[in-house]
2 protein chains.
Amino acid sequence: MQATWRWVAGFALASVVAAGAVAQNVRPDRAIKYRQGVMTAMNWNFGVLAAMAKGDRPYDKDAALKSATFVEELSHMPWDGFAPGTDKGAPTKALPEVWKEPAKFKEHQDALMNAAPKLVAAAKTGELAALKTAVGEAGRACNGCHDDFREK
Amino acid sequence: MQATWRWVAGFALASVVAAGAVAQNVRPDRAIKYRQGVMTAMNWNFGVLAAMAKGDRPYDKDAALKSATFVEELSHMPWDGFAPGTDKGAPTKALPEVWKEPAKFKEHQDALMNAAPKLVAAAKTGELAALKTAVGEAGRACNGCHDDFREK
């Protein structure tokens with residue numbers, strides 16, 4: 001076996017993970033760390049935009065567009081990490097409601113995935129006022145879900 | 001101040017972060033957690049592809065395309081998290097070489113960003129053999145950087 005394939009094999013064994021559809025293969029601790037990793041990355045990039053919106057950081061069109069694009073991309077990623085059976089296995093602030101009220105949880109996911117492209121559109125205008133509006137909407141989407149589905 | 005803006009303001013204050021260009025505003029602990037979060041998310045999604053390539057998980061074109069797309073998107077994200085001054089501030093396996101040999105580190109970043117779109121292209125073919133080849137190349141890109149720039 002080539003060195004590269006030994007490494008890939010080790011990688012696969014070390015991270016036997018799966019999307020929701022084959023949840024029986026998901027290691028809960030890895031799923032929890034995955035979704036937290038995505039949320040941390042989203043938090044950083046949304047933080048860049050929020051700081052500009054708030055005036056805590058000078059407006060910079062390129063930096064705004066980069067972070068908005070990353071937030072939009074990241075907005076699609078965490079959900080597989082909430083697969084059934086991943087309510088425990090590592091420290092998590094996710095409340096049981098995530099798995100008890102999947103339809104409502106999905107509505108919140110959709111709210112974020114609808115708000116995130118507006119960040120990109122606003123960043124493309126180069127107008128701080130547009131960015132502020134979009135940051136407000138995206139912030140409400142984050143907050144709406146965190147209020148009901150994340151431990152305070 | 002509206003409730004939403006109170007929240008956004010809190011968010012901005014809690015995550016005063018910046019891209020490399022304004023590194024003086026980066027909180028090292030947040031930058032370290034950001035890059036680690038991105039890497040964790042990349043690991044999960046690359047793990048899905050590696051498991052398919054290795055035969056540890058049934059091949060699934062849609063799941064492969066989703067994870068390949070996420071890996072490609074994520075491949076652009078971690079680098080701002082290695083801003084100057086973020087060599088310490090939270091536990092990190094990043095070696096001092098990241099900041100001592102920026103040109104070589106950039107070469108490794110480029111190798112990953114070049115390999116990742118090939119994962120997407122391979123996933124689109126629906127051919128497991130194509131995916132295996134692309135996973136091999138992307139794995140070498142990951143490994144090449146980790147060998148020199150990450151603590152064992």
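Per chain, residues are indexed from 1 in the order of the written sequence. To read the labels, note that chains go from A and ligands from 1, taken in the order they are written. Where totals are concerned, whole chains, interfaces and linings use all residues; where local detail is concerned, this predicted model gives features only for residues with pLDDT of at least 70, and gives and counts side-chain atom pairs only at 80 or more. Hydrogens are left out, water is left out, and the side-chain values use all remaining heavy atoms of the structure.

**Quick notes on the confidence of the model for chain A**
All names here are of chain A.
Okay, so step 1: Each residue carries a pLDDT value, the predictor's own confidence for that position, ranging from 0 to 100. A residue-level look at chain A finds 84% of positions with pLDDT of 70 or above and a mean pLDDT of 89.
Okay, so step 2: Contacts are residue-level and defined by heavy atoms, with any inter-residue pair within 4.5 Å sufficient. Segment residues 13-24: pLDDT under 50, and 26 contacts once partners within four positions in sequence are set aside and those in other chains are kept.
Okay, so step 3: This complex was scored by the predictor with a pTM of 0.87 and an ipTM of 0.87.

**Comments concerning the packing of aromatic side chains**
Okay, so step 1: By convention, a stacked pair of Phe, Tyr or Trp rings (six-membered ring in the case of Trp) has centres within 6.5 Å and planes under 30 degrees apart, an edge-to-face pair has planes over 60 apart, and any other such pair is tilted. Evaluated as defined, the whole model comprises twelve aromatic pairs over all chains.
Okay, so step 2: With a centroid separation of 5.8 Å and an interplanar angle of 85°, the aromatic rings of Trp 79 of chain B and Phe 105 of chain B are classed as edge-to-face. In this pair, Trp 79 of chain B sits in the loop between α3 (61-74) and α4 (97-100) while Phe 105 of chain B sits in helix α5 (residues 102-125), placing the two residues 26 residues apart along the sequence. Residues Trp 79 of chain B and Phe 105 of chain B agree in their burial class; the two are buried.
Okay, so step 3: Ring pairs connect the aromatic residues Trp 79, Phe 82, Trp 99, Phe 105 and Phe 149 of chain A, which therefore count as one cluster. Only DSSP runs of H or I with at least four residues qualify as helices, and only runs of E with at least two residues qualify as strands; both kinds are numbered from the N terminus onward. Between buried and exposed lies partly exposed: a residue is buried under 20% and exposed over 50% of the maximum accessible area for its type, with that area taken using a 1.4 Å probe on protein chains only.

**Points about the side chain of Arg 35 of chain A**
Residues and elements named next belong to chain A.
Okay, so step 1: Among the structural elements, Arg 35 can be located in helix α2 (residues 28-54).
Okay, so step 2: Although Arg 35 is buried, it forms no salt bridge, and the closest oppositely charged side chain is Asp 87 at an N-O distance of 7.5 Å.
Okay, so step 3: Residues adjacent in sequence count toward polar contacts only when both atoms are side-chain atoms; beyond that, a polar contact is any pair of N or O atoms within 3.5 Å, and within protein one must be able to donate a hydrogen and the other to accept it. Among the polar contacts listed, one links the side chain of Arg 35 to the backbone oxygen of Gly 81, at a separation of 2.9 Å.
Okay, so step 4: In terms of polar contacts, Arg 35 uses its side chain to reach the backbone carbonyl oxygen of Thr 86, at 3.1 Å.
Okay, so step 5: Setting aside anything within four residues of it in sequence, one finds Arg 35 in contact with Pro 78, Gly 81, Phe 82, Thr 86, Thr 92, Ala 94 and Trp 99. In this tally, Asp and Glu contribute negative charge and Lys and Arg positive charge; neither His nor the terminal groups of the chain are included. What makes a salt bridge here is a side-chain nitrogen of Lys or Arg within 4 Å of a carboxyl oxygen of Asp or Glu, nothing more.

**What to know about the nonpolar core**
Okay, so step 1: Buried Ala, Val, Leu, Ile, Met, Phe, Trp, Tyr and Cys residues that are joined via side-chain atoms within 4.5 Å together make up what is termed a nonpolar core. Core analysis: the biggest nonpolar cluster contains 84 residues, and Leu 49, Leu 74 and Leu 119 of chain A together with Leu 49, Leu 74 and Leu 119 of chain B have the highest contact counts within it.
Okay, so step 2: Among the elements of the structure, α2, α3 (61-74), α5 (102-125) and α6 (128-149) of chain A together with α2 (28-54), α3, α5 and α6 (128-149) of chain B are those that each provide at least two residues to this core.
Okay, so step 3: When sequence neighbours within four positions are dropped, the list of residues in contact with Leu 74 of chain A reads Val 38, Ala 41, Met 42 and Asn 45 of chain A together with Leu 74 and Met 77 of chain B.

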